[in-house]
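One letter stands for each residue in the lines below.
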Amino acid sequence: MRKIIVIVSLVLFLTACRLEYRNTSSNHQIIRICNNSDMDTYFRQGNCEGGIFDSYDIRVSPIDNKIFAYECKNEYSPSFEVDMEYWCSELKISYVFFDAKIVETIPFDTIFKYNMMLGSKIFTKEQLDSLDWTITYP
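Attention here is on the structure that accompanies the text. Within each chain, residue numbers correspond to sequence positions counted from 1 in written order. Predicted model: local features are reported for residues with pLDDT of at least 70 only, side-chain atom pairs are reported and counted for 80 or more only, and whole-chain, interface and lining totals are derived from all residues. As a rule here, side-chain values come from all non-hydrogen atoms in the structure, and water together with hydrogens is ignored.

Digging into the sheet that holds strand 7 (residues 134-137)
Item 1. In this description, strands pair whenever DSSP reports at least two bridges between them. The helix and strand labels rest on DSSP assignments: H or I over at least four residues marks a helix, E over at least two residues marks a strand, and numbering proceeds from the N terminus. Here three strands make up an open sheet; going across it, the order is 4-1-7 and the pairing mixed. Edge strands, defined here as strands with exactly one partner in the open sheet, are strand 4 (71-76) and strand 7. The sheet shows a mean angle of 25 degrees between the axes of neighbouring strands, direction not considered.
Item 2. Of the strand pairs in this sheet, strand 1 (residues 30-35) and strand 7 are connected by four bridges, and their pairing is parallel. Bridge pairing in strand 7 links Arg32 to Thr134. Here an angle of 0 to 180 degrees is reported between the N-to-C directions of two axes, which are lines fitted to C-alpha atoms, with helices fitted over the stretch in contact.

See below:
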């Protein structure tokens, strides 16, 4: 019984280690997003032109999408390079930023319909490499 517990523990430990997100030169799984403004913001990946991708309500997961003033947060993906190839014809990715006060008071379908965002940023892989995969707002 003791051997089984040790083996199961070892397998769980090794599996957990393999699930850790990492950045390598060919596969980036972490983008760091920093809010250098004095207001709380929400962010999300945008469409290829830097607009809002869809009307998915980002308030559903504020822990993932909200950045307080002067805070940085990591966003995770199995591969941002794959995301770039899948969503856009060119190797680029965009992030859209919203005022937290607006997101928390107006229905998101209205925000989507009227494109009520603070702004967006579009990056190529080369630009992200030069920025050490850190995006800052503003």
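Side note on the packing of aromatic side chains
Item 1. Working definition: a ring pair exists when centres of Phe, Tyr or Trp rings (six-membered ring for Trp) sit within 6.5 Å. Plane angles under 30 degrees give stacked, over 60 give edge-to-face, the rest tilted. In total, this model carries six aromatic pairs according to the counting rule given.
Item 2. With centroids separated by 4.8 Å and ring planes inclined at 35 degrees, the aromatic side chains of Tyr21 and Tyr76 adopt a geometry described as tilted. Note that Tyr21 is positioned in the loop between helix 1 (2-18) and strand 1 and Tyr76 in strand 4, a separation of 55 residues in sequence.
Item 3. Given a relative accessible area of 38%, Tyr21 falls into the partly exposed group.
Item 4. With centroids separated by 6.2 Å and ring planes inclined at 45 degrees, the aromatic side chains of Phe43 and Tyr95 adopt a geometry described as tilted. Burial status follows relative accessibility: with a 1.4 Å probe on protein chains alone, a residue under 20% of its type maximum counts as buried, one over 50% as exposed, and anything between as partly exposed.

Re the state of the cysteines
A covalent bond between the sulfur atoms of two cysteines is referred to as a disulfide.
Item 1. The disulfide criterion is simple: two cysteine sulfur atoms within 2.5 Å. Here the structure, examined in full by the defined rule, presents two disulfides.
Item 2. Here Cys34 connects covalently by a disulfide to Cys72, the sulfurs 2.0 Å from one another. Because the torsion about its S-S bond is 110 degrees, the bridge between Cys34 and Cys72 counts as right-handed. Of this pair, Cys34 sits in strand 1 while Cys72 is found in strand 4, placing the two residues 38 residues apart along the sequence.
Item 3. Cys34 sits in the buried class, given a relative accessible area of 7%.
Item 4. You can call Cys72 partly exposed: its relative accessible area is 32%.
Item 5. Here Cys48 pairs with Cys88 through a disulfide, and the sulfurs are 2.0 Å apart.

Re the layout of surface pockets
Item 1. Each cavity reported here is a set of points on a 1 Å grid over the protein atoms alone in which a 1.4 Å probe fits but cannot get out, each pocket an open set with protein on both sides within 12 Å along at least five of seven lines, and each lining residue one with an atom within 4 Å of a point. Grid points are joined across faces, edges and corners, and a volume is the space filled by probe spheres set on the points. Quantified by volume, the largest pocket comes out at close to 170 Å³.
Item 2. Taken together, Arg44, Gln45, Gly46, Phe53, Asn65, Glu75, Asp83 and Trp87 make up the lining of the largest pocket.
Item 3. Among the secondary structure elements, those contributing two or more residues to the lining of the largest pocket are strand 2 (41-45) and helix 3 (80-87).
Item 4. Ten residue types, Ala, Val, Leu, Ile, Met, Phe, Trp, Tyr, Cys and Pro, are classed as nonpolar, four, Asp, Glu, Lys and Arg, as charged, and the remainder, Gly among them, as polar. Of the residues belonging to the lining of the largest pocket, the class tally is two nonpolar, three polar and three charged.

Looking at a nonpolar patch on the surface
Item 1. In this scheme, patches are assembled from residues that exceed 30% relative accessible area and form no salt bridge. Like charges are connected within 9 Å, while nonpolar side chains (Val, Leu, Ile, Met, Phe, Trp, Tyr) are connected within 5 Å. Calculation of accessible area relied on Shrake-Rupley with a 1.4 Å probe; when residues are assessed, cover is drawn exclusively from the protein chains displayed. Take a side-chain nitrogen of Lys or Arg and a carboxyl oxygen of Asp or Glu: if they are within 4 Å of each other, that pair is a salt bridge. Together, Phe53, Tyr86 and Trp87 make up a nonpolar patch on the protein surface, roughly 370 Å² of accessible area in all.
Item 2. Its location among the elements puts Phe53 in the loop between strand 2 and helix 2 (62-65).
Item 3. Looking at Phe53, the relative accessible area reads 37%, which means it is partly exposed.

Some points on the nonpolar core
Item 1. The biggest cluster of nonpolar side chains holds 14 residues, and the ones touching the most others in it are Ile31, Ile33, Ile93, Tyr95, Phe97, Leu128 and Ile135.
Item 2. Per-element accounting of this core gives the leading share, three residues, to strand 5 (residues 92-99).
Item 3. The residues touching Tyr95, leaving out its near neighbours within four places in the chain, are Ile31, Ile33, Phe43, Arg44, Gln45, Gly46, Glu75, Phe80, Gly119, Ser120, Lys121 and Ile135. By nonpolar core is meant a set of buried Ala, Val, Leu, Ile, Met, Phe, Trp, Tyr and Cys residues that side-chain atoms within 4.5 Å join together. A contact between two residues is defined here by any heavy atoms of the two lying within 4.5 Å.

Some thoughts on the pairing of strand 5
Item 1. Of all eight residues making up strand 5, eight are buried, and the element is well covered by its neighbours.
Item 2. Here strand 5 shows no split at all, with Lys92, Ser94, Val96 and Phe98 on one side and Ile93, Tyr95, Phe97 and Asp99 on the other all buried.
Item 3. By the bridge criterion, five bridges tie strand 2 to strand 5 in an arrangement that is antiparallel. What sits directly across from Arg44, in strand 5, is Val96.
Item 4. Here six bridges tie strand 5 to strand 6 (residues 119-124), and the two strands are oriented antiparallel to one another. Of the residues in strand 6, the one forming a bridge with Ser94 is Ile122.

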